[in-house]
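# Structural overview
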Amino acid sequence: HVPAVAQGDQRFPIKLHQILERESPDIITWNEHGDAFIIKDEESFARDVLPKYFRHSNVKSFQRQCNYYNFGYRTIGDAFSYSHPHFKRGQDAGVARI
């Protein structure tokens, strides 16, 4: 079985772009430069956002997906920030290179 990424499956990065476009910036938002996103409210993210886009509400599963797609991770106070060189605000085309 070939991993989904090797088959050109970009569903996770596409859903992630949709989440950032549609959901409350009080929960998840781009950073000021648009080259990373920040989960500001992990509890609301798990309860209100994840179930809309995935078949779970588990933040750890979301983090594993980010790791699988090589997103960098860091903590900023109580928030979590993720970045990828091809995942940027307003540049949907870059998702195909993830």
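Residues numbered from 1 in each chain as written. Predicted model: local features only at pLDDT ≥ 70, side-chain atom pairs only at ≥ 80, totals over all residues. Heavy atoms only, no water.

### Regarding the packing of aromatic side chains
If you walk through the whole model with that rule in mind, you get 15 aromatic pairs. Relative to Y82, the ring of F37 has its centre 5.2 Å away and its plane inclined at 20 degrees; by these criteria the two rings are stacked. Within this pair, whereas F37 is found in strand 2 (residues 37-39), its partner Y82 is found in strand 4 (residues 79-83), the two being separated by 45 residues in sequence. Both residues of the pair, F37 and Y82, belong to the buried class. (Phe/Tyr/Trp six-rings, centres within 6.5 Å; stacked < 30°, edge-to-face > 60°. Helix = DSSP H or I, 4+ residues; strand = E, 2+ residues; numbered from the N terminus. Buried < 20%, exposed > 50% of the residue type's maximum accessible area, 1.4 Å probe, protein only.)

### A few points about the nonpolar core
In a soluble, globular protein the nonpolar side chains are often hidden away together inside. Counting residues in hydrophobic clusters, the biggest one holds 25 residues, and the most contacted among them are L16, F37, F45, F62, F71 and F87. Sorting the residues of this core by element identifies helix 1 (11-22), strand 1 (28-30), strand 2, helix 2 (42-53), helix 3 (59-68) and strand 4 as the ones contributing at least two each. The dominant element in this core, judged by the number of residues it contributes, is helix 2, at five residues. When residues no more than four places from it in sequence are discounted, the contact partners of F71 are F12, L16, F37, C66, Y82, S83, H84, F87 and I98. (Core = buried A, V, L, I, M, F, W, Y, C linked by side-chain atoms within 4.5 Å. Contact = heavy atoms within 4.5 Å.)

Shape descriptors only; they carry no functional weight alone.
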